[in-house]
There are 4 protein chains.
Amino acid sequence: MHNAAEALFCPADAVDAFGLDAWIAGMLRFEAALVMAQSHAGVVAVDVALRIASACDATRFDAKAIAIEGAKNASLAIPLVAALKRQLHPSDAGFAHLGATSQDVLDTTQVMLSAPVLDQLLVDAQDLAQALLALAAEHARTPILARTLMQSASVTSFGLKCALWAASVVRAVVRIRASRAEAMRLQLGGAVGTQAQLRAACAQSTQAQALGKLVQHMAQTLGLQMSNQPWHSHRDVWVALGLDLALLAGSLGKIGLDWGLMSQFEVGELAQRDGGGSSAMPHKQNGVASLVAKGAALRAPMRAAALLAAMPQEHERAHGAWQAELAEWPSLLCSTAASTQALARAAATLVVDAPRMLSNIEAVRAHLDAQAADEWFDPNWANDAAEQTVAMLEPLKKQLDT
Amino acid sequence: MHNAAEALFCPADAVDAFGLDAWIAGMLRFEAALVMAQSHAGVVAVDVALRIASACDATRFDAKAIAIEGAKNASLAIPLVAALKRQLHPSDAGFAHLGATSQDVLDTTQVMLSAPVLDQLLVDAQDLAQALLALAAEHARTPILARTLMQSASVTSFGLKCALWAASVVRAVVRIRASRAEAMRLQLGGAVGTQAQLRAACAQSTQAQALGKLVQHMAQTLGLQMSNQPWHSHRDVWVALGLDLALLAGSLGKIGLDWGLMSQFEVGELAQRDGGGSSAMPHKQNGVASLVAKGAALRAPMRAAALLAAMPQEHERAHGAWQAELAEWPSLLCSTAASTQALARAAATLVVDAPRMLSNIEAVRAHLDAQAADEWFDPNWANDAAEQTVAMLEPLKKQLDT
Amino acid sequence: MHNAAEALFCPADAVDAFGLDAWIAGMLRFEAALVMAQSHAGVVAVDVALRIASACDATRFDAKAIAIEGAKNASLAIPLVAALKRQLHPSDAGFAHLGATSQDVLDTTQVMLSAPVLDQLLVDAQDLAQALLALAAEHARTPILARTLMQSASVTSFGLKCALWAASVVRAVVRIRASRAEAMRLQLGGAVGTQAQLRAACAQSTQAQALGKLVQHMAQTLGLQMSNQPWHSHRDVWVALGLDLALLAGSLGKIGLDWGLMSQFEVGELAQRDGGGSSAMPHKQNGVASLVAKGAALRAPMRAAALLAAMPQEHERAHGAWQAELAEWPSLLCSTAASTQALARAAATLVVDAPRMLSNIEAVRAHLDAQAADEWFDPNWANDAAEQTVAMLEPLKKQLDT
Amino acid sequence: MHNAAEALFCPADAVDAFGLDAWIAGMLRFEAALVMAQSHAGVVAVDVALRIASACDATRFDAKAIAIEGAKNASLAIPLVAALKRQLHPSDAGFAHLGATSQDVLDTTQVMLSAPVLDQLLVDAQDLAQALLALAAEHARTPILARTLMQSASVTSFGLKCALWAASVVRAVVRIRASRAEAMRLQLGGAVGTQAQLRAACAQSTQAQALGKLVQHMAQTLGLQMSNQPWHSHRDVWVALGLDLALLAGSLGKIGLDWGLMSQFEVGELAQRDGGGSSAMPHKQNGVASLVAKGAALRAPMRAAALLAAMPQEHERAHGAWQAELAEWPSLLCSTAASTQALARAAATLVVDAPRMLSNIEAVRAHLDAQAADEWFDPNWANDAAEQTVAMLEPLKKQLDT
C-alpha cells in the first residue's frame, strides 16, 4: 500500500525500504542464503544450491502477481516460493525453501529491511545528541526562563535544557543499541517452530552438527544474530526494539514541542532555519523539524500499542495478529527515523537568541515586585543550572562514544 | 511511503488510492475546480480560468520532485502550487490557487481520494449483511452450542448468531452513511480560515453572492458537500467518520474471531473456502477472510486513537497533529475496507456444517447427567433463538434498503 | 481499585460513581426491578416478588466479601446473586435472578451508573457552549493574530475562535444526545442471549405477551430503553457512545491547548482565574481547566481504543475482552466529564485581554515591511471573521436548545 | 477515583495501593525523609527536623479535604504541604518542603507506592516461570498438535509450548529487573529542576558536599536510587519500566489465549481449576486466570500508549501530560500484576490431558491419507520439540536465579 502523506514521516531514502520490490529482493536473499547454508552443511548438493541461489534474482519475478497472490494467501512468501520453484528444474525444486516456513521468510526479511533504516537512525541520533551537547556547552550559563505548567516559574539555563534533551537522546541510543543486538536475528523455526524438517534433512548430512553449521552460516550471510528459539508467536524481543523506538520518538516529541514553543513569535528564543514555507503566506517560516518530531511522537504510541496488542498470538503461528504486526512496524520505524533525522539536521542550524532569553526574563521581572523578582527571576539562578549542565557533559559524551 | 505488508489490509484496487500519483491528480483537480468556480462567480476571467484548468494536468508535473519538496515543507501542496504557477504565464499565475491555502488543497484531496474506497466499502458491507441475513433465514432453527467465556453454556441457533452479526454490520452501514454525508465536504477556508482573500476577490465580482456561488460550484464539481465553516483545526466531523469505520472494523473483528473459532478442526462447524494455503503444508486450508478481519480489528483501534489524539490542534492550523492525522487516515480506511470485502466474499461461500453443530451439542450432553443435559443442552432451546432471529430479519433488510 | 491520581480527571461528585458501593446498590436495583417486573407480568407471585425486592437492600450485604469473590469469579454479579439467595427463604430463592445472567446485571448496572455522570456532562457541555457563544458575540470583531503551524499568519477575530470552539462542543452535544438515546438501555438476554429461561417462565403466565410486559416494566423502572436484542457480545452501540465522548474530549483538548498557548506570559491574551497555585512559587497562577482538558484529551483516545479493541468478543459472551471493557469505561466517561466541567467553569470567568491581542498584532507588523504588514496583518481582516462569526451564532443556539 | 470493575485486574492486596490514604502517607514519608536528610546535611536544625517529621503523621490530615483541594490545584501535594505547614509553629513551617516542588513529592510517591506491587509481581512472575518450566520438563516429549493460523499444522510437544511460554516470562523478568533498577529513584529537582533552593540552603551548611549527602540520605531512607538529574519533564526512564510491564502483559496474554483455546470443550487439552463459576449455569467452569491474562493484555497496550503519548511535556514541567501519566500508571502496573498472579496460581494447578492431546492428533490423522498423516502428523515429531525443550531448561533456570 502506498501512502504519500506518510512521506513527511519517513527519511527520503527509506520511502521504498518496505516496498514490494524491497520485500521481494529480501525474500529471495533469504532463500538464497538458506540453500547456500544447507549446501555448506552438506544437506544440499553444491551445484543444486548454486542453481537455486542464482534463480533468486528479483528481475525474474513478477512482483505485481506475487502481491496479488500474497494478499489472497495472507502471505507474500507463499507465491514467492511457488514462483521460485516454478523457475527451477523439478529435480531441484524440492531443495528450495527446504525446511523453512513462510513466516521464517517474512520475519527475517522484515528484520533485514529494517537494518539500514535503523543504522541511519542511530547515526542521526548520535549527530543530534552531539549537536545538543555542543549547544549545552556553549550555553551552559545562558539564563532563560524556566516555565512550569506553561507559566514563567523561575530561571534556568538554556544549556541545561539542551543537556537534558541530549541526555534523553543518549539514553535512547543506549537502549536501541542493546535491543537491536537482541532483535536483529534470524527466524528459522520451520513449519511449526521445531525445525523438524531441517533436522530430518541434517540427519542425512555426513557432517557433524550440521544444523548448527547451517544456522550459523545463514545468519552470518545475512548479517543477523542466530536465534536459538523460534519466535514465530513469541514476539517480545522484536517488540521490545519497537518500544525503544517509540521511547525515542517520545523524547524527540518533547524536544519538538519545546522548540515549537520557543519559536513562537512572541517568545522568539529559537528559530529553526529548515526551510518550511507557506503556499499562501510568503512571510511565514515554519519549523518543519519540530513539526515532524511532534507528529511522529503522536503516531509512535499507537504503533507501539499495535505491536503490544498483537502479542497474544494463537499457538504456533497467529491468525491475524502477526500479520497486523508486520503491517504496523514500518511506520513506527520510519516515523521515528524521520523525526531523528529532521531534528539532527535542524539542530545543526538552530538559531539561539540569548539576548531575547534575557529580555523575556526582564519582562517577567517587570511585572513583579522587587522581592519576588529577585527571589525567583534573578538571572544568576542560571548558575545552578550551569553546574548541573557541566557535570552532565562528559558522561554523556562517553556513553555516546561506546 | 510504501508498505507491502499492508497490501493484505487493503482492497486490491485501493493499493494506490493514496499514492503519490493519486495525490497529485487530486490536488490538481482541486485547483482546476477552484479556478473554474471562480470564473463561474465572476472572480476570474473565463479564458484565464480555462488556461489554468488545462494546466492542471498531472502528466506535466514531476511527482518525485514534488514529493521531495513536500517533505521539506511539510506539505505536498506547497511545491505543487509552485509548480503549477511556474507552468503558467506570469499574468495568469496570480489567479491560480487564489484565496486558497495548502490545507484547503490537502484536506479536500484526502476527502476525494477516500470517496471511492468508502463507496466500495459500503457496497461490500451491504453484500456482507445480505449474505449473513440469508444464512440467518436459512439457519434460524439450526441448533448450535452457545458458548460463554469460551465454554459450552447452552444452546442457541446458528441463525441467531448470523442475525446478530448482520445487525452489527447494518448498524455500521447506517452510521457510516450518516457520518459520510457530513464528512465528505469541501475545505475552503483560505489562509487562516476566514476566507478573507476569497471574500476580497469576490467583492470585485459584478455578481451578487459571488462567494456563495463559488463555493457551491466548486463543491458540486468535486461531488462534495459545502462546508459553512473552515475545519482546518476542528476535526471532529472528519474523525467521526473514522470512528464509525473503526466501529465497523470492531464488529467485523468479532465475526472473524467467531469464524476462526468455529473453523478449528476440533470444532468444525464452519469452513472458509477462500483459498488460503501454506508454503510448507499442502494439507492446510487457512481462513484468510477471518484472519484479515481479526488483523484489521487489531489495527483500527490504534488508528482511531491516533485520529482522536491528533484533535488538539494549535490555533488556526496545527503544528504536527494535523499532518499526523493525514498520514494515519488511509490505513484506517483501507484496513476496514479490506476486512469488509474479505468477509463479504467469504460469506458467499461459507460452508456451514449443521450436523456437526448438532453432534457438538451431543458431545457435551454425553458429559453431563441427564437433568443438566436437558436443562441446558436440549437442542430445542434453538427455538427461542429462532423466534428472535425471525423477528430481526425484516427490520434489518429495511434498514439496509433505505 | 482506587486511584487517587485520577481524581483530577473526575468531577468531584463522580469520584465514587463507579465504586464498590455504587455497583452493589446498582446490581440490587437490577434484581429488584427484575423480580417486580416478573410479578407485573404474572411470572412471579406478588408477595414473593416483594420479599425479594425488599431483600435487595445494600446495607445487608458484605461489600468487601462480594468484591473478593467477584475477582475470583471474574464477575461481581455471581457472589452478589449468591448472597441475595442466601438471604431468602429457600422457596423464594429460586425466583431471584430468574432468567437473567450475570452479564445482564453488570451491563445494566454499568449503564445505570453512567447515567447521572452523563447527564451532568451534558449540562456542563451546554453551559460551556453558551459561555463560548457569549464570548463569540462579544468579541466578534476583536482582532487577534491568526496563527498557523505555531507562527503568526494573519488576522482573525477572537469571536471566530470562540464560535468555532463552541460549534465543536455543540456538535458533540448533538452526537452524545443521539448515541445516549441508543445506548442507555437494558441488557436482559439471559444465559446465552436467547432469553430462553425468561420465555419458559413467561409461558407459564396467564397474561398475554408476558415477556414484552416484563421487559417494558423493568426498563421503565430503571429509566432505560428496552433492547430488542441482547448485546452481550455485540458492543457497538455502547462503544459508539464512548467514541462520542472521546470526540468531545478531543475537541475540548483543542480548546485547552489554545487557552494554554494564549495564556503564556509572552502572549498574554487570556487568563484563567481558576485557582491553580504552586507549592513552591507563590507568584504562579496555573490554568487548571486547560490542563485538565489537555490531560483528558491525551487519555481519552487510549480508552476509546481499548473499547474498540475489546469489540471482538468470542461467541455469546467474551473471555476477557468484555471484562476489560467494563474496567476501561469509567475513566473515559469521568475524564471527559471532568474536562467539560472544568472548562465550563473556567469559561465563565475567562479574562480576555483585547488590547493585548491588538498589540500582539502590532508587534508582528513592526517586523514586516509595510506592504506585507498591510496585506496580512491589517486588523481589519477581523471583519471577515466577524461576518462568519455572526452567521454562526443563531444556528448554534438553536441546536443547543433542541 | 474508585472503579470496582478494575478489581478483577488488580491483585487483591493492591486494590488500595494507589488510593488516597496511600498517597497521603507516601507524600508525608517524602516530607519527613526530606527534612531528616536536610538535618543530616546540616541544613535544618535537628530539633526542627524532628518536629516536622513527627508532624508527618497521616492521622492528623483530612484526606478528603486534601483530595478536593488537590483537584482544584491539579496537585495533591499543594494542599498536603499547606496542611503540613499549618500544623507547624510558624518558625518551623519555613523548613518544611524546603527546596522541593510538588512534582518532587508526587513523582517520588508514585515510585514508592509502586515498589511493593512491583516486588510482588516479580515474585509471581518467577513462580509462574518455575511452574511452566516444571511442566516443560514433565511434558518435553508429550506430543500435541501444532497449530498455525488456527488450523492443525503438524506435531510439536506440550513441553516445548511450556518452555517457550516460560522463556518469554523469564525475558520479561530480566527486563523488568533492569528497568526497575533505573526507574525506582528519587525525584528532587526543586521548583524548576535546578535544585536552586536546595543548593542555596546547602551553601549555608557547615558540612562539605552537603547537597550530595542530603540526596543520598533521603534516597536511602526511602529505599530508592539517587537521580543525578531531574526527570520532571523527561520521562523515558520511568516510561521504559511501564513498557517492560506492557511487554510482560503481552506475553502473558499469549499464554492466556493459548490456555483458553486449549481449554475449549472440543479441544480439552487443558483445564484450569481456578474456581470460576456462573450465576446461571452450575455446570460451567470458566478459566478465570486466562480471562484475566487476556483482558490485561488488551488493556496494557493502551496504557503503554498513554505513557508514551504523555512524553512530550512542555519546558520544565508539563501542563496536562504529566498529570495524565500519573493517572494512567496504576492500572498498567496493577493489571499486569494481576495477570501475573492469576497465571502463577493457575499454573500450579493446571490439569494437562496428555491422552487427549494424542487423540486430537489421531483425529486429524484420520482425515488425511496415510502419507500426509505420516509426513505431518506422526507423533514422533514431538522428539524434535523435545530436544529443543531440554536444551532450553537449564539456561532459563539460571537466568531466573540470578
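In every chain, residue numbers begin from 1 and rise along the written sequence. Chains and ligands are labelled by the order in which they are written, letters from A for the one and numbers from 1 for the other. Per-residue local features are limited, in this predicted model, to residues with pLDDT of at least 70; the limit for side-chain atom pairs, both in listing and counting, is 80 or more; totals at the level of whole chains, interfaces and linings are taken over all residues. Think of the side-chain values as coming from all heavy atoms in the structure, minus any hydrogens and water.

## Thoughts on the overall build of chain A
Where helices and strands are cited, they refer to DSSP runs of H or I of at least four residues and of E of at least two residues respectively, numbered from the N terminus. From N to C terminus, chain A includes 15 helices and four strands. The C-alpha extent of chain A, read off along each of the three principal axes, is 90 × 50 × 35 Å. Between buried and exposed lies partly exposed: a residue is buried under 20% and exposed over 50% of the maximum accessible area for its type, with that area taken using a 1.4 Å probe on protein chains only. Counting all 402 residues of chain A, 71% fall into the buried class. By definition in these notes, contact holds between two residues if any of their heavy atoms fall within 4.5 Å. Long-range contacts, defined here as pairs at least 24 residues apart, represent 79% of the contacts in chain A between residues at least 6 apart.

## Digging into helix α12 (residues 321-347) of chain D
Here a helix's expected span is defined as the number of its residues, less one, multiplied by 1.5 Å. Spanning 27 residues, α12(D) covers 39 Å between terminal C-alpha atoms, matching the ideal 39 Å at 1.5 Å per step. If you look at α12(D), its biggest bend is around 30°, right at D:E328, and the proline D:P330 turns up within four residues after that. At any given residue, the bend is defined as the angle formed between two axes, one fitted to the seven residues that end at that position and one fitted to the seven that begin there.

## Topic: the pattern of salt bridges
Definition used for salt bridges: Asp or Glu carboxyl oxygen within 4 Å of a side-chain nitrogen of Lys or Arg. The final tally for this structure, using the stated rule, is 88 salt bridges over all chains. In this structure, the salt-bridge partner of A:E362 is A:R365, at a minimum N-O distance of 3.9 Å. Remark: A:R365 and A:E362 occur in helix α13 (residues 354-365); sequence separation between them is three residues, near one turn of the helix. For the salt bridge of C:R175 with B:D236, the shortest nitrogen-to-oxygen distance reads 2.8 Å.

## A word on the interface of chain B and chain D
On the chain D side, the residues contacting the 32 residues of chain B number 32 residues. Along the contact surface separating chain B from chain D lie two salt bridges. D:E266 is paired through a salt bridge with B:R147; the nearest N and O atoms lie 2.8 Å apart. A 3.5 Å cut-off defines polar contacts: any pair of N or O atoms within that distance qualifies, except that in protein one atom must be a possible hydrogen donor and the other a possible acceptor, and neighbouring residues in sequence count only when both atoms are side-chain atoms. Where chain B packs against chain D, one counts five residue pairs in polar contact (both at pLDDT 80 or more). Elements represented by at least two residues in the side of chain B that touches chain D include exactly β1 (143-148), β2 (151-157), α10 (236-262), α11 (288-309), α13 (354-365) and α14 (370-377) of chain B. Here the side of chain B that touches chain D is built from residues that sort into 17 nonpolar, 11 polar and four charged. All residues other than Ala, Val, Leu, Ile, Met, Phe, Trp, Tyr, Cys, Pro, Asp, Glu, Lys and Arg, Gly among them, are scored as polar; the first ten of these are nonpolar and the last four charged.

## Considering the side chain of A:D92
Residues and elements named next belong to chain A. On the secondary structure map, D92 appears in helix α5 (residues 90-93). For D92, the side chain forms a polar contact with the side chain of R51, separated by 2.7 Å. D92 has contacts with V48, R51 and I52, leaving out every residue within four places of it along the chain.

## Notes on unusual backbone geometry
The residue C:Q209 is not glycine, and still its phi comes out positive at about 50°. When you line up the elements, C:Q209 lands in the loop between α8 (196-203) and α9 (210-222). One non-glycine residue, D:Q195, lies in positive phi territory at about 55°. Counting through the fold element by element, D:Q195 comes out in the loop between α7 (158-183) and α8 (196-203).

## Observations concerning the interface of chain D and chain A
Counting from both sides, the interface comprises 69 residues of chain D and, opposite them, 69 residues of chain A. Surface buried jointly by chain D and chain A totals about 5900 Å² across both partners, of which 65% is contributed by carbon and sulfur atoms. Across the chain D-chain A interface, the total number found is eight salt bridges. For A:D236, the salt bridge is made with D:R171, and the minimal N-O distance between the two is 2.7 Å. Counting across the interface, chain D meets chain A through 23 residue pairs in polar contact (both at pLDDT 80 or more). Those elements giving two or more residues to the side of chain D that touches chain A turn out to be β1 (143-148), β2 (151-157), α7, α8, α10 (236-262), α11 (288-309), α14 (370-377) and α15 (382-401) of chain D. It is α10(D) that contributes the most residues to the side of chain D that touches chain A, 15 residues altogether. The term buried area denotes the loss of accessible surface (1.4 Å probe radius) that occurs when two parts are joined, taken as the sum for both partners.

## A short note on the relation of the copies chain D and chain A
The copies are overlaid by a least-squares fit using only the C-alpha atoms of residues whose pLDDT is at least 70 in both copies. Overlay of chain D on chain A (RMSD 0.0 Å): rotation 180°, translation along the axis 0.0 Å. Considering both components of the superposition, the chain copies are consistent with a two-fold axis. Taking C-alpha positions as the reference, the residue of chain D nearest the rotation axis is D:A305, at 2.8 Å. Taken together, the interface assignments show that 100% of the residues at the interface of chain D recur at the interface of chain A, consistent with an identical surface on both copies.

## Overview of the packing of aromatic side chains
Residue and element names in this part refer to chain A. The rule is short: rings of Phe, Tyr and Trp, with Trp giving its six-membered ring, pair when the centres are within 6.5 Å, and they are stacked under 30 degrees, edge-to-face over 60, tilted in between. Counted by the stated rule, this structure contains 16 aromatic pairs over all chains. An angle of 35° between the planes, with centres 6.2 Å apart, marks the rings of W231 and W238 as tilted. Of the two residues, W231 and W238, neither departs from the other in class, the shared state being buried. Ring pairs connect the aromatic residues F158, W165 and W259, which therefore count as one cluster.

## Structural notes on the packing of helix α1 (residues 20-40) of chain A against helix α3 (residues 63-73) of chain A
Residue and element names in this part refer to chain A. Where α1 meets α3, the axes come as close as 10 Å, and the angle between the chain directions of the two elements is 90°. Viewed along their axes, α1 and α3 adopt a mutual orientation that is roughly perpendicular. Residue-level inspection shows L20, D21 and I24 of α1 in contact with α3, the latter providing A63, K64, I66 and A67. Along the lines of polarity and charge, the residues of the contact of α1 with α3 split into five nonpolar, no polar and two charged. To obtain an axis, a line is fitted to C-alpha atoms, over the contacting stretch when the element is a helix, and the angle between two such axes runs from 0 to 180 degrees between their N-to-C directions. Angle categories are assigned with fixed cut-offs, so that under 35 degrees is roughly parallel, over 145 is roughly antiparallel, 65 to 115 is roughly perpendicular, and the rest are oblique.

## Let's talk about the environment of C:A146
When you line up the elements, C:A146 lands in strand β1 (residues 143-148). The exposure class assigned to C:A146 is buried, which follows from its relative accessible area of 0%. Between the C-alpha atom of C:A146 and that of C:H89, which follows or precedes it by 57 residues, the distance is 73 Å. For C:A146, the contacting residues outside a window of four places in its chain are B:V192, B:E316, C:Q151, C:S152, C:A153, C:S154, C:V155 and C:T156.

## Side note on the pairing of β2(D)
Residue and element names in this part refer to chain D. For β2, the tally of buried residues reaches seven of seven residues, placing the bulk of the element in the interior. In terms of strand pairing, β1 meets β2 through six bridges, oriented antiparallel. Residue T148 lies in a different strand from β2, and its bridge partner there is Q151. What makes two strands pair is DSSP finding at least two bridges between them. Taken together, β1 and the strand that follows it, β2, pair antiparallel across an intervening segment of two residues, in which L149 is found at a positive phi of about 50°.

## Points about the environment of C:H217
Residues and elements named next belong to chain C. When you line up the elements, H217 lands in helix α9. Separated by 176 residues in sequence, H217 and A41 place their C-alpha atoms 8.5 Å apart. What H217 contacts, discounting residues up to four positions off in sequence, is M36, A37 and H40.

## Some remarks on the side chain of B:S39
All names here are of chain B. Residue position: S39 is located in helix α1 (residues 20-40). Accessibility expressed as a relative area gives 13% for S39, which makes it buried. In this structure S39 touches V44, A45, V46 and A49, once residues within four positions along its chain are discounted.

## Focus: the environment of A:Q272
All names here are of chain A. Summarising the element assignment, Q272 is placed in the loop between β3 (270-271) and α11 (288-309). Every residue in contact with Q272, bar those within four places of it in the chain, is listed here: W259, G260, S263, Q285, G287, V288, A289, S290 and L350. Engagement of the side chain of Q272 in a polar contact is seen with the side chain of S263, the distance being 3.5 Å. One polar contact links Q272 to S290, side chain to side chain, over a distance of 2.8 Å.

## Observations regarding helix α2 (residues 46-55) of chain B
Residues and elements named next belong to chain B. Where α2 is concerned, the buried positions are V48, A49, I52, A53 and A55. Across the axial projection of α2, the buried residues extend over an arc of 160°, all falling on one side. On its buried face, α2 is in contact with α1, α4 (77-87) and α5 (90-93). Working note: the arc is built from the helix axis to C-beta atom directions.

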